[in-house]
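Inside the fold
Residues per chain, in single letters:
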Amino acid sequence: METNYTRAELFEHVATMNQLRNTVYHVIRLMQRTSRDMVVDRLRAMGRRIAETFVETWTPKPQEPARLLRVLYATALGSKRVKIDVGGPGGLVRVVDKKCAMCKYPVEDVDAAGCEITAGFVARVVQLMKESGRLDWSLEVVGVDKSKTRGDQTCDHLYRIRGGD
Amino acid sequence: MFKWLVGRIGKLIGRNMNALYYSLLYRELLREVVDAKRGDVNEAFAEFKRLGELGALDSAHRQESVLRYFPGEPLKLLEYMEVLWQVIFGMPMGEHEVVTQQFPGDEYPVVKYQIKRCPVCAGHGLSEHDVVDVSKVKDSPQLYACGIMGMLQTVANFILGIRGSDHKIVFSETACIARGDPYLEITCSIVPFERDEAQRSSASTLAGSLFSIEKVEDFLNRPMDNVKKVLEDVIEKNLSMTPNELLSHFENYEEDMVRVVGYLGVHLLNEYGGLVEKLLSNATIAKAAGYWFNSLKDFVRLFLPREVTEDYHRLFVELLEGLAPEGMVERFRGFNSFEFVTLVLEGCQMALENLGVDFEGLRENIWEELRESQADQEAWWFPDVVLSLLQELLTMSLKLFSLPVKLVVASQHAQVKTVAGSMRDLYEELKDHGDRILDILGELRD
């Protein structure tokens, strides 16, 4: 008899996000009722925990920030055509995702964007690579500047690079 | 074909992400709900199922134009469970077993899907963040895949709603790999459901514009099974007995049964406005039809290749398998294929007699008839010897003609057979190329 998938096997597959993405917003509504102003922090914490389990299976090859982020967004989140600007003041990085997996439609009664989870995930993967000595730079979340959830045309995730050259 | 197509299109139009990320995101959402319910796992599972339902409902409204093509009959819809699973997950259901249990007094059986590999809880318990503990959960209608149950349930019931069904399906998770069970078990119970007037009215408007694609697919996949099913339904509906009960009345009278096929065939033809009977009410036409029919009986062996009659004989036996008593099927299998055709023609002859053809009064052949009719006249048209010569010449030319006719019949039959046989191969080929095209479209879209 077949045993269940391992996480390594799951990594080789893609899953369709539509229903779960909608469910994310219903969970956020629940969080707004129970956790009030901590929702963004809790969403980023979710992303960090996802990252901590995800890296047990896969991490991108160490390389310069724009390339690494491109690979990470494409492989984990299925966003294959993100625009990445690493030339911002004070190491600011802007990732523009026109097809964010977590956001698609404006959601009026929700303040926090689902892609806060994405931001938490991406930054934590890089931090863990830095902690394991595979990178000499790290990333911290600045925030979700634009989001389709809030009615914008794109989701713009802001990070700040720490360390490196 | 439909199942494959919907699965692939769902994947193409859906937003895809890595399945590992998906399962970890699911874990985190469930964990949030458990936290919101202050650690009460049972309550959290029920709530997460509800949130999954709401999430799927948002999508279902957007995808109504696709979902309306699914079957509106609950059991039939459950045959499409793999597609629903794939639409929701984007991953195939994989190895699974379907177990049905019919309880006394219940209209529908309970259908259980035992799925060997569950993408939602894959690897659960191995990481420090896998904190939702399912191992101690007992007697709960929902377990780790509760959110997915909610999604599946909503999509299924949304389809039943737009198709006007007066039932709904309740999905419960009755075994969970994360809890240590050998598989994920989804138990589907079909229960009556009263829809409001607005839903019924919108469903009935929609139903008129629907074509039942599942029937087309069934027919393409199992043509003989469907012919049998139609036959079974007709017999059960009109005679209130099973085909086996009906056909067992003919056991040991198999030859008569084949004659009945021919007999009923002619009478059915006559049902359309009584045309056959009207034509045969004219004595000359009835006589001509009688001679024509006798010639047909004589020439059927000449014009029909043995392979063709054997194929039809085989098809008939195949149709009876499972419908008729086994002994009867065996006796039919023992028939010679031409004997089979002859019996059908005997049945046709009996029907033609009913409708006015006097076979008893006919001469040995039409030439004898001509001779007799000329004998009544004052002057002979042709000397008897000329008529005999014409008769032999025509018979010889017909026999000569039988070879190309046989070739044409055999080749047409072979073409139909080849096309039918090739359909399956073609379907597989098309599926492969379709897969590649949809992959390329997916890449282009990204």
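Residues numbered from 1 in each chain as written. Chains lettered and ligands numbered in written order. Predicted model: local features only at pLDDT ≥ 70, side-chain atom pairs only at ≥ 80, totals over all residues. Heavy atoms only, no water.

1. Observations concerning the overall build of chain B
The helix and strand inventory of chain B stands at 19 helices and five strands. Going through the 446 residues of chain B one by one, you find that 45% of them count as buried. Residue pairs at least 24 apart in sequence account for 71% of intrachain contacts in chain B once pairs closer than 6 positions are excluded. (Helix = DSSP H or I, 4+ residues; strand = E, 2+ residues; numbered from the N terminus. Buried < 20%, exposed > 50% of the residue type's maximum accessible area, 1.4 Å probe, protein only. Contact = heavy atoms within 4.5 Å.)

2. Re unusual backbone geometry
Residues and elements named next belong to chain B. With a phi angle near 50°, Arg38 is a residue other than glycine that sits in the positive phi range. Structurally, Arg38 can be placed in the loop between helix H2 (19-36) and helix H3 (41-62). A positive phi is found at Asn252, a non-glycine position, where the angle reads about 70°. Locating Asn252 in the fold gives a position in the loop between helix H11 (243-248) and helix H12 (254-271).

3. A look at the nonpolar core
One finds Phe121(A), Tyr21(B), Leu25(B), Tyr26(B), Leu152(B), Phe171(B) and Ile186(B) to be the most contacted residues of the largest nonpolar core, which totals 120 residues. Looking at this core element by element, the count peaks at 12 residues for H2(B). Excluding anything up to four places from it in sequence, Tyr21(B) contacts Ile50(A), Phe54(A), Ala76(A), Leu77(A), Ile117(A), Thr118(A) and Phe121(A). Counting 16 residues, the second largest nonpolar core, distinct from the first, contains Val266(B), Phe293(B), Val357(B) and Leu362(B). (Core = buried A, V, L, I, M, F, W, Y, C linked by side-chain atoms within 4.5 Å.)

4. Concerning the confidence of the model for chain A
Per-residue pLDDT for chain A averages 93, and the proportion of residues at 70 or more is 98%. Per-element mean pLDDT across chain A ranges from 89 in strand E1 (residues 14-16) of chain A up to 97 in helix H5 (residues 116-131) of chain A. (pLDDT = per-residue confidence, 0-100.)

5. Observations regarding the packing of H12(B) against helix H17 (residues 337-354) of chain B
Residues and elements named next belong to chain B. Relative to each other, H12 and H17 sit at 50°, their axes nearing to 7 Å. By the angle between their directions, the pair H12 and H17 is classed as oblique. Relative to H17, H12 is oriented so that their crossing is right-handed. Two secondary-structure elements touch here, H12 through Glu255, Val258, Arg259, Gly262, Tyr263, Val266 and His267 and H17 through Glu339, Phe340, Leu343, Val344, Glu346, Gly347, Cys348, Met350, Ala351, Leu352 and Asn354. Per-class residue counts for the contact of H12 with H17 are 10 nonpolar, four polar and four charged. (Axes fitted to C-alpha atoms, helices over the stretch in contact; angles between N-to-C directions. Parallel < 35°, antiparallel > 145°, perpendicular 65-115°, else oblique. Left-handed = near helix turned anticlockwise from the far one by under 90°. Nonpolar A, V, L, I, M, F, W, Y, C, P; charged D, E, K, R; others polar.)

6. Let's talk about the pattern of salt bridges
Between side chains of opposite charge, a pair can form when the charged atoms approach closely. Enumeration over the complete set of coordinates arrives at 29 salt bridges over all chains. Glu64(A) is the partner of Arg67(A) in a salt bridge, and the nearest nitrogen-oxygen pair spans 3.5 Å. In this structure, a network of salt bridges that share partners links the residues Arg7(A), Arg49(A), Arg27(B), Glu28(B) and Asp130(B). (Salt bridge = Lys/Arg side-chain N within 4 Å of Asp/Glu carboxyl O.)

7. Here's the deal with the sheet that holds strand E5 (residues 184-192) of chain B
Residues and elements named next belong to chain B. What the four strands build is an open sheet, ordered E2-E3-E5-E4; its pairing is antiparallel. In this open sheet, the two edge strands, each paired with only one partner strand, are strand E2 (96-101) and strand E4 (167-175). Neighbour-to-neighbour, the strand axes of the sheet open up by a mean angle of 20°, direction not taken into account. Here E2 runs beside strand E3 (residues 110-115); their pairing, made up of six bridges, is antiparallel. Residue pairing for E3: Val98 is matched across the bridge by Tyr113. In this fold helix H6 (residues 81-89) packs onto E2, E3, E4 and E5, with an angle of close to 115° to the strand it touches most, E5. (Pairing = 2+ DSSP bridges.)

8. Topic: the pairing of E5(B)
Residues and elements named next belong to chain B. As paired elements, E3 and E5 share five bridges and run antiparallel to each other. Bridged to Gln114 within E5 is Glu185. Pairing of E4 with E5 involves eight bridges; the strand directions are antiparallel. By the bridge assignment, Lys168 is partnered in E5 with Val191.

9. A word on the interface of chain A and chain B
Think of interface size as the accessible area that goes away when the parts come together; that is how it is often given. Across the boundary between the two partners, chain A contributes 52 residues, which contact 58 residues of chain B. Here chain A and chain B share an interface that buries about 5400 Å² over both sides, 57% of which is from carbon and sulfur atoms. If you sort the residues of chain A by the area they bury against chain B, Tyr5(A), Arg7(A) and Gln19(A) come out on top, with a joint share of 14%. Taken together, the connections running from chain A to chain B amount to five salt bridges. Arg7(A) serves as the salt-bridge partner of Asp130(B), at 3.1 Å between the closest nitrogen and oxygen. (Buried area = accessible area lost by both parts, 1.4 Å probe.)

10. Here's the deal with the packing of aromatic side chains
Following the criterion strictly, the structure yields 15 aromatic pairs over all chains and no others. Taking the centre distance of 5.8 Å and the plane angle of 65° together, the rings of Tyr22(B) and Phe89(B) count as edge-to-face. Taken together, the positions of Tyr22(B) in helix H2 and Phe89(B) in helix H6 put the pair 67 residues apart, joining distant regions of the chain. In this structure, Tyr22(B) and Phe89(B) share a single accessibility class: buried. Feature note: the residues Phe11(A), Phe54(A), Trp58(A), Phe121(A) and Tyr21(B) constitute an aromatic cluster, connected by ring pairs. For the cation-ring pair, Arg117(B) lies above Tyr5(A), with the distance from its terminal atom to the ring centre recorded as 4.3 Å. (Phe/Tyr/Trp six-rings, centres within 6.5 Å; stacked < 30°, edge-to-face > 60°. Lys NZ or Arg CZ within 6 Å of the ring centre and 35° of its normal.)

11. Some details on the packing of helix H15 (residues 306-320) of chain B against helix H16 (residues 326-333) of chain B
Residue and element names in this part refer to chain B. Interhelical geometry of H15 versus H16 gives an angle of 175° and a closest axis separation of 10 Å. Accordingly, the angle class assigned to the pair H15 and H16 is roughly antiparallel. On H16, the residues touching His313, Phe316, Val317 and Leu320 of H15 are Val329, Phe332 and Arg333.

12. Some remarks on helix H4 (residues 65-77) of chain A
Residues and elements named next belong to chain A. Here H4 is 13 residues long and its end C-alpha atoms lie 17 Å apart, about the 18 Å a rise of 1.5 Å per residue gives. The complete set of buried residues in H4 reads Pro65, Ala66, Leu68, Leu69, Leu72, Tyr73, Ala76 and Leu77. Take H4 and look down its axis: the buried residues cluster within an arc of 165°, on one side only. Positioned one or two residues after H4, Gly78 has a phi angle of 75°, which is positive. (Expected span 1.5 Å × (residues − 1). Arc of directions from axis to C-beta.)

13. Examining a nonpolar patch on the surface
Residues and elements named next belong to chain B. Together, Leu275, Leu279 and Ile285 make up a nonpolar patch on the protein surface, roughly 270 Å² of accessible area in all. Take Ile285: it is sitting in helix H14 (residues 283-303). Its relative accessible area of 36% is what places Ile285 among the partly exposed residues. (Patch = residues over 30% accessible without salt bridge, like charges linked within 9 Å, V, L, I, M, F, W, Y side chains within 5 Å. Areas by Shrake-Rupley, 256 points an atom, 1.4 Å probe, with all protein chains shown as cover.)

14. Looking at the sheet that holds strand E4 (residues 137-146) of chain A
All names here are of chain A. Ordered by their spatial adjacency, four strands build an open sheet running E2-E3-E5-E4, and the pairing between neighbours is antiparallel. The open sheet has two edge strands with one neighbour each: strand E2 (83-85) and E4. On average, adjacent strands in this sheet sit at an angle of 20° to one another, irrespective of strand direction. Pairing between strand E3 (residues 92-97) and strand E5 (residues 155-163): six bridges, direction antiparallel.

15. Observations regarding the environment of Asp109(A)
Residue and element names in this part refer to chain A. Tracing the backbone shows Asp109 in the loop between E3 and H5. Expressed as a C-alpha distance, the spacing of Asp109 and Thr149, which sit 40 residues apart in the sequence, is 10.0 Å. Once residues within four sequence positions are removed from consideration, Asp109 is found in contact with Arg29 and Gln32. Here Arg29 takes part through its side chain, which lies 2.6 Å from a polar atom of the side chain of Asp109. (Polar contact = N/O pair within 3.5 Å; in protein donor to acceptor, adjacent residues only side chain to side chain.)

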